[in-house]
Amino acid sequence: QVQLVESGGGLVQAGGSLRLSCSASGRMFSMYNMGWFRQAPGKEREFVAGISRNGGETTYGDSVKGRFTISRDNGKNTVYLQMNSLKPEDTAVYYCTADVSFAMVVRTPRYWGQGTQVTVSS
């Protein structure tokens, strides 16, 4: 089992940048594929980004490709989401996720954090 805690959310102007972090506790962080989802008010949760156990494979949702970058540091049990060129439509609660299956981490991950709010003003 793994516990996930997100940080780094906040208020930023359109065009700005934020970096989210997700710290994982529990054993064997490197066993887990990691991901980020987001949910805006009144909308369904949306896949944002995923990264494989060793960081060798990444994938992104269409709406963030070219602007967001996911990375991980297995030595620090942490996954990051660098968000650049932010838009008001990126406003949402961002959730860190984990699953032993890469296919699942980008669809229906088993483990979820509590979320961190990102607000982009126009």
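Keep in mind that this is a model prediction, so the values were computed, not measured.

Engineer: I tried to follow the side chain of S52 on my own but got confused; where do I start?
Structural biologist: Turning to its location among the elements, S52 is positioned in the loop between strand 5 (46–51) and strand 6 (58–60). S52 has contacts with N33, E57, R72 and F102, leaving out every residue within four places of it along the chain.

Engineer: Even after reading the chapter, I still don't get the packing of aromatic side chains, so can you show me in this structure?
Structural biologist: For any pair of aromatic rings, the description rests on two quantities: the centre-to-centre distance and the angle between the ring planes. Using the criterion set out here, one finds four aromatic pairs in the structure. With 5.1 Å between their ring centres and 55 degrees between their planes, F37 and W112 make a pair best called tilted. Here F37, found in strand 4 (residues 33–39), pairs with W112, found in strand 10 (residues 111–112); they are 75 residues apart in sequence, far enough to count as distant. We classify F37 as buried; its relative accessible area is 5%. Judged by centre distance (6.0 Å) and plane angle (75 degrees), the rings of Y95 and W112 are edge-to-face. With Y95 in strand 9 (residues 92–99) and W112 in strand 10, this pair connects stretches of sequence that are 17 residues apart. Relative accessible area serves as the criterion here: at 13%, Y95 is assigned to the buried category. R45 extends its terminal NZ or CZ atom over the ring of W112, reaching a point 4.4 Å from the ring centre.

Engineer: Would you mind going over the pattern of salt bridges with me for this structure?
Structural biologist: Between side chains of opposite charge, a pair can form when the charged atoms approach closely. Evaluation of the coordinates by the stated rule reveals four salt bridges. Between D90 and R38 there is a salt bridge whose closest N-O contact spans 2.9 Å. Highlighted residues: D90 in the loop between strand 8 (78–83) and strand 9 and R38 in strand 4, separated in sequence by 52 residues. For the pair D90 and R38, one class covers both residues: buried. For D90, the salt bridge goes to R67, with nearest N and O atoms at 2.8 Å. A residue pair is termed long-range when its members are at least 10 positions apart, and D90 in the loop between strand 8 and strand 9 and R67 in the loop between strand 6 and strand 7 (68–73) qualify at 23 residues. When salt bridges that share partners are traced, they join R38, E46, R67 and D90 into one network.

Engineer: Just checking my understanding: could you explain the nonpolar core for this structure?
Structural biologist: One recurring pattern in soluble globular proteins: nonpolar side chains tend to sit buried together. Among the nonpolar cores identified, the biggest contains 30 residues, and L4, M34, W36, L81, M83 and Y94 are the most heavily contacted of them. If you look at the next biggest cluster of nonpolar residues, it comprises five residues, including F37, F47, F102 and V105.

The rules behind the values
- Residues numbered from 1 in each chain as written.
- Predicted model: local features only at pLDDT ≥ 70, side-chain atom pairs only at ≥ 80, totals over all residues.
- Heavy atoms only, no water.
- Helix = DSSP H or I, 4+ residues; strand = E, 2+ residues; numbered from the N terminus.
- Contact = heavy atoms within 4.5 Å.
- Phe/Tyr/Trp six-rings, centres within 6.5 Å; stacked < 30°, edge-to-face > 60°.
- Buried < 20%, exposed > 50% of the residue type's maximum accessible area, 1.4 Å probe, protein only.
- Lys NZ or Arg CZ within 6 Å of the ring centre and 35° of its normal.
- Salt bridge = Lys/Arg side-chain N within 4 Å of Asp/Glu carboxyl O.
- Core = buried A, V, L, I, M, F, W, Y, C linked by side-chain atoms within 4.5 Å.

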